[in-house]
There are 2 protein chains.
Amino acid sequence: MKLDFSVAVHSLLYLDAHRPNKVSSRELAQSLHLNPVMIRNILSVLHKNGYLIGTVGKNGGYQLEKALAEMNLGDLYDLTIPPTLSYARFITGHSQTDDEVQSSEIAANISETLTDLFTVADRQYRAYYHQFTMADLQADIQHHGHFLAKEHDLES
Amino acid sequence: MKLDFSVAVHSLLYLDAHRPNKVSSRELAQSLHLNPVMIRNILSVLHKNGYLIGTVGKNGGYQLEKALAEMNLGDLYDLTIPPTLSYARFITGHSQTDDEVQSSEIAANISETLTDLFTVADRQYRAYYHQFTMADLQADIQHHGHFLAKEHDLES
């Protein structure tokens with residue numbers, strides 16, 4: 001869900017603000033007011049994917065491995081909110097009692113058609129995030145309006 | 001949810017295939033294998049918004065008011081899946097115990113930044129659907145690949 005993405009970007013911004021210190025998952029959980037288990041799960045994903053260096057033990061903690069400008073926002077979105085593999089629960093089913101030719105054609109084919117439509121729409125949606133890096137997110141935090149201004153550029 | 005959109009477009013295609021007959025909500029519910037209450041709720045929204053002519057009573061039923069090419073797919077998406085008004089549950093909260101300047105700036109501003117990001121992303125997502133009409137959906141049902149081909153046009 002979207003919260004995982006928010007937690008990931010908030011954690012990365014926090015770690016960036018605390019460079020070069022090590023930050024424990026406990027400190028992050030307290031700062032974000034979130035369940036430590038959730039924080040640890042998300043940090044573990046970021047760690048596995050090379051965003052963080054982590055050490056365990058008494059003086060352990062996490063540090064950023066890369067600069068914010070090297071972290072693509074779309075990559076983080078894909079990592080924390082994987083694409084839907086099946087749209088089955090969003091699509092009306094095939095009707096077996098419907099014996100009219102034209103109606104059967106609709107019922108037999110609507111699932112593939114809507115799956116294609118939703119799949120392409122989702123890819124376009126993700127392409128939006130891929131235009132940005134974590135440095136853009138930091139810029140918007142410092143001066144709101146960065147993403148809104150980019151939208152106007154796209155339209156004009 | 002997305003199912004409402006699927007049910008709406010499936011119903012419109014069914015009514016189109018049965019022109020000029022009147023179709024009852026019961027017949028539609030049976031054909032789509034869905035709860036009649038759900039079908040009636042969605043038909044009611046389509047009726048209120050001028051997509052259908054409906055008559056009640058013994059020989060009552062629904063008929064299409066417009067051609068498929070006059071029904072914009074984005075309008076149908078907005079009607080059945082309204083934009084999220086608040087992203088609050090997807091965004092990490094403000095930390096009141098965090099007294100470091102840099103961290104506070106993040107905590108105090110991340111909600112507005114992520115709301116802007118999600119809002120623009122959602123508008124771009126909806127713009128995708130607005131490129132098409134129900135006639136495109138019908139074309140894809142008759143020959144799959146219509147939406148996938150359009151995606152390649154966008155990329156090249």
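Quick notes on the rules
- Residues numbered from 1 in each chain as written.
- Chains lettered and ligands numbered in written order.
- Predicted model: local features only at pLDDT ≥ 70, side-chain atom pairs only at ≥ 80, totals over all residues.
- Heavy atoms only, no water.
- Axes fitted to C-alpha atoms, helices over the stretch in contact; angles between N-to-C directions.
- Helix = DSSP H or I, 4+ residues; strand = E, 2+ residues; numbered from the N terminus.
- Parallel < 35°, antiparallel > 145°, perpendicular 65-115°, else oblique.
- Left-handed = near helix turned anticlockwise from the far one by under 90°.
- Contact = heavy atoms within 4.5 Å.
- Nonpolar A, V, L, I, M, F, W, Y, C, P; charged D, E, K, R; others polar.
- Buried < 20%, exposed > 50% of the residue type's maximum accessible area, 1.4 Å probe, protein only.
- Arc of directions from axis to C-beta.
- Polar contact = N/O pair within 3.5 Å; in protein donor to acceptor, adjacent residues only side chain to side chain.
- Salt bridge = Lys/Arg side-chain N within 4 Å of Asp/Glu carboxyl O.

Per an unreviewed UniProt entry, chain A goes by Transcription regulator and derives from Lactiplantibacillus fabifermentans DSM 21115.

(A) Layout of the packing of helix α1 (residues 2–17) of chain A against helix α2 (residues 25–32) of chain A. All names here are of chain A. Direction vectors running N to C along α1 and α2 enclose 115°, while the axes themselves pass 11 Å from each other. By the criterion of interaxial angle, the relationship of α1 to α2 is roughly perpendicular. Regarding α1 and α2, the two cross each other, and that crossing is right-handed. For the pair α1 and α2, the contacting residues are V7, H10, S11 and Y14 in the first and E27, L28, S31 and L32 in the second. Considered class by class, the residues forming the contact of α1 with α2 number 4 nonpolar, 3 polar and 1 charged.

(B) Just helix α4 (residues 73–80) of chain B, in detail. Residue and element names in this part refer to chain B. Residues of α4 that are buried include every one of L73, G74, L76, Y77 and T80, and no others. Seen along its axis, α4 keeps its buried residues to an arc of 160°; they face one direction. Between the side-chain oxygen of the N-cap and the backbone nitrogen of G74 there are 2.7 Å, and the N-cap of α4 in question is N72.

(C) Structural view of the interface of chain B and chain A. If you look at the interface, chain B gives 61 residues, while chain A gives 61 residues. Joining chain B to chain A, the criterion identifies 2 salt bridges. Taking the shortest distance from any N to any O, the salt bridge between R123(A) and E151(B) comes out at 2.8 Å. Where chain B touches chain A, the interface holds 12 residue pairs in polar contact (both at pLDDT 80 or more). Put simply, the parts of the chain that give the side of chain B that touches chain A at least two residues each are α1 (2–17), α2 (25–32), α5 (101–130), α6 (134–142) and α7 (146–155) of chain B.

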